[in-house]
Structures are given as C-alpha cells and as structure tokens.
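# Tertiary structure, described
Chain residues, written in single-letter form:
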Amino acid sequence: MTFRSPHVTVFPDARTAASVVAARLAAALRERPALVLGLPTGRTPVALYAELVKLTAATGLDWSSVTTFNLDEFVGLEGTHPGSYRQFMDAHLFRHVDIPDGRINFLQGTAVDTEQECQRYEHAIMAAGGIDIQIAGIGTNGHIGFNEPGPALQSRTHRAILREETRRGNAALFGGDPAQVPAEALSMGMATILQARAVILLAHGSSKAGCIERAVNGPLTTDLPASFLQLHHDVDIVLDAAAATELKIG
Ligand code: F6R
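Summary of the structure given here. Think of each chain on its own: its residues are numbered from 1, step by step along the sequence as written. Since the coordinates come from a predicted model, pLDDT governs what is reported: local features require at least 70, and pairs of side-chain atoms require 80 or more to be given and counted, while whole-chain, interface and lining totals use all residues. Values shown for side chains rest on all heavy atoms present in the structure; no hydrogens or waters enter the calculation.

## Regarding the site of the ligand
We define proximity as follows: a residue is near a molecule or strand when any one of its heavy atoms falls within 4 Å of that partner. In the vicinity of the ligand there are 15 residues, among which R43, T44, D72, H143 and K208 approach most closely. A distance of 2.8 Å is found between an oxygen atom of the ligand and a side-chain nitrogen or oxygen belonging to T41. Here an oxygen atom of the ligand and a backbone polar atom of R43 are 2.8 Å apart. Here a polar contact is recorded for every N or O atom pair within 3.5 Å, except that within protein the pair must consist of a potential hydrogen donor and a potential acceptor, and residues adjacent in sequence are included only if both atoms are side-chain atoms.

In structure tokens, the structure reads:
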C-alpha cells in the first residue's frame, strides 16, 4: 500500500475539478448532515460554489444542519461592506442554500479587540467539534488563508498584515484599486487549518504552478506556508492542467 499526502489530482480544466469536488462535498453532506466546513473566498472557489448551488437545486441537498467557518476577513470591514468576504460568500453560496444564519461563522473585521475576536473564533471551531473538511485556495506566494510568507508563522487565528501581491490579488473586490484593499486581515492560522480532519486545496491556472510544486515537493518553510500541508495526513490537492505544469510527480 502506498501512502501519500498531499494526494494530487489533476483535471483537464477548472470546471471539471470543481464538479468533482462539489460531488465529494455533496456526498459528505448526505452522509453527515451536520458537516462542519471551512471555506475560502477568492476566484478559485467560485466554480465550486456555483456547482454546489446547482447540485442543491437539482437534488435538494439539505444544508440546514451544516456549520461553516470562513478562513479570513479584512480588518475594518463590516460584513455588509461590498468588499467583505462575508458579502462574497453571501453572493456565491449562502444566499442560495439553506444554512441557518446562526451556523455561518465569520471573523468580525470590525471587532474592537481583534485578539479576543481571534480567540473567540478558535473556541467556536472547537465548540462545533472541529472542522470536518477545510476547503482552501492558495496565493501565488504560497499563502493559505492570510498566512503570508515570512520569517515566522503564527499557528492560531491571528491578525495578519497583507503583502502587496495579496492586496493586488484582491483589488477586484475594491473597484480594481489595490490601495483600497485593507492592509490587514484576520485569518485562521496554519495550525487551525491543519486541525481540520481533511483538507481540500484547489488551484487553477499557470500562475499557481510554481507554488503548487513547492507546496507538494518542496521543503517545509515559512517562506511558503502551504508547504505545511505536507504535515497533514489527509490533504487532497485538486488542480487543473495549467496549475500542474511544474509538478514533478514521482
Ligand atoms: C481567501 C483565502 C486566500 C485565497 C488565495 C487565492 O479566503 O483564503 O488564501 O484562497 O489568495 O486566491 P484566488 O483564488 O483569488 O487566486
């Protein structure tokens, strides 16, 4: 028997990858109606959420006992702000499935005491019994959530300073202007993410090819936070062909 995690699967295109992951999540949800999901925002999961919404309409998937925890939120933004990740999630998923509002968990970007807010989130995840499946994307610099590369990582949910490339990557939510993207965010830490029972990381496009290769085959390094996924026993990395072009599968 061979054992390998991260386990990598490559699909011809992002749409096929999204429909396979959506089918896996739907099966998990049918098996365990009280599923606890960790969720990302960004361009990558848009197709996945669209597939889930489609599957829900077609098959009557029941989300009423699901609990969700989003990975991150910008500091200083209310959940009603059009650039907030909460608004993104409402638009792409929450408005289309029947998760009760009280089961949707978000870091509050406007919390006065952000340290306390991060601790509250850790406790809420624990109180929910932990995350069953954490879905994640990856930044071109190897970040997951807003665990940015640097000399050190914080293990638990924390306040993070965003790198310039990350602010540029989020500019579309702020009228295309990176200067309007908040400079800080609250984010689950790598240990919080690694505590999920399973992790599914999605990546599309050639801009992710380099960081995917380093995340899968490179050394563990805080210069590429996603490399720490190698420590987890149940990680699935789901790619389109373009994101797999630098991958050496041995
Ligand atoms: C967002 C998040 C980020 C994104 C990453 C990739 O909630 O956790 O780590 O997953 O920045 O973003 P896209 O998918 O836009 O390339």
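## Re helix α2 (residues 46-59)
Numbering of helices and strands starts at the N terminus; helices are DSSP runs of H or I of at least 4 residues and strands are runs of E of at least 2. One less than the residue count of a helix, multiplied by 1.5 Å, gives the span that helix is expected to have. Its 14 residues give α2 an end-to-end C-alpha distance of 20 Å, which sits within 8% of 20 Å, the value for a rise of 1.5 Å per residue. Buried means the residue's accessible area, taken with a 1.4 Å probe over protein chains only, is under 20% of the maximum for its type, while exposed means over 50%, and partly exposed covers the values in between. Taken together, the buried positions of α2 are L48, Y49, E51, L52, V53 and T56. In this structure, the buried residues of α2 make contact with α1 (14-31), β2 (36-39), α3 (85-92), β6 (133-136) and β9 (198-203). Just beyond α2, the residue with positive phi is G60, at close to 65°. What makes two residues a contact is simply this: any of their non-hydrogen atoms within 4.5 Å.

## Some points on the nonpolar core
With 41 residues, the main nonpolar core has L48, W63 and L93 as its most contacted residues. Elements supplying a minimum of two residues to this core: α1, β2, α2, α3, β6 and β9. Ranked by the residues each element gives to this core, the list is headed by α1, at eight residues. When neighbours within four sequence positions are excluded, L93 is seen to be in contact with L39, Y49, L52, V53 and W63. One finds I125, M188, C211 and F228 within the second-largest nonpolar core, a separate group that totals 34 residues. Side-chain atoms within 4.5 Å link the members of a nonpolar core, which is a set of buried Ala, Val, Leu, Ile, Met, Phe, Trp, Tyr and Cys residues.

## As for the packing of α2 against α3
For the pair α2 and α3, interaxial distance at closest approach is 9 Å and the crossing angle is 40°. Here α2 lies oblique to α3, going by the angle between them. The segment α2 lies against α3, with V46, Y49 and V53 engaging F88, M89 and H92. When the residues that make up the contact of α2 with α3 are grouped by side-chain class, the tally is five nonpolar, one polar and no charged. As a rule, the C-alpha atoms of each element are fitted with a line to give its axis, helices using only the stretch in contact, and angles between N-to-C directions run from 0 to 180 degrees. Each angle is binned into one of four classes, with values under 35 degrees roughly parallel, values over 145 roughly antiparallel, values of 65 to 115 roughly perpendicular, and all other values oblique. Under the scheme applied here, ten amino acids are nonpolar (Ala, Val, Leu, Ile, Met, Phe, Trp, Tyr, Cys and Pro), four are charged (Asp, Glu, Lys and Arg), and all others, including Gly, are polar.

## Some words on the environment of L35
Within the fold, L35 resides in the loop between α1 and β2. Given a relative accessible area of 4%, L35 falls into the buried group. Along the sequence, L35 and G130 sit 95 residues apart, while their C-alpha atoms lie 9.9 Å from each other. Once residues within four sequence positions are removed from consideration, L35 is found in contact with L25, A28, L29, S65, V66, T67 and D132.

## Brief notes about the sheet that holds strand β3 (residues 67-70)
Strands are treated as partners if at least two bridges between them are detected by DSSP. In spatial order, the strands read β1-β10-β9-β6-β2-β3-β5; together these seven strands make up an open sheet with parallel pairing. With one partner strand each, in any of the chains shown, β1 (7-11) and β5 (104-105) form the two edges of the open sheet.

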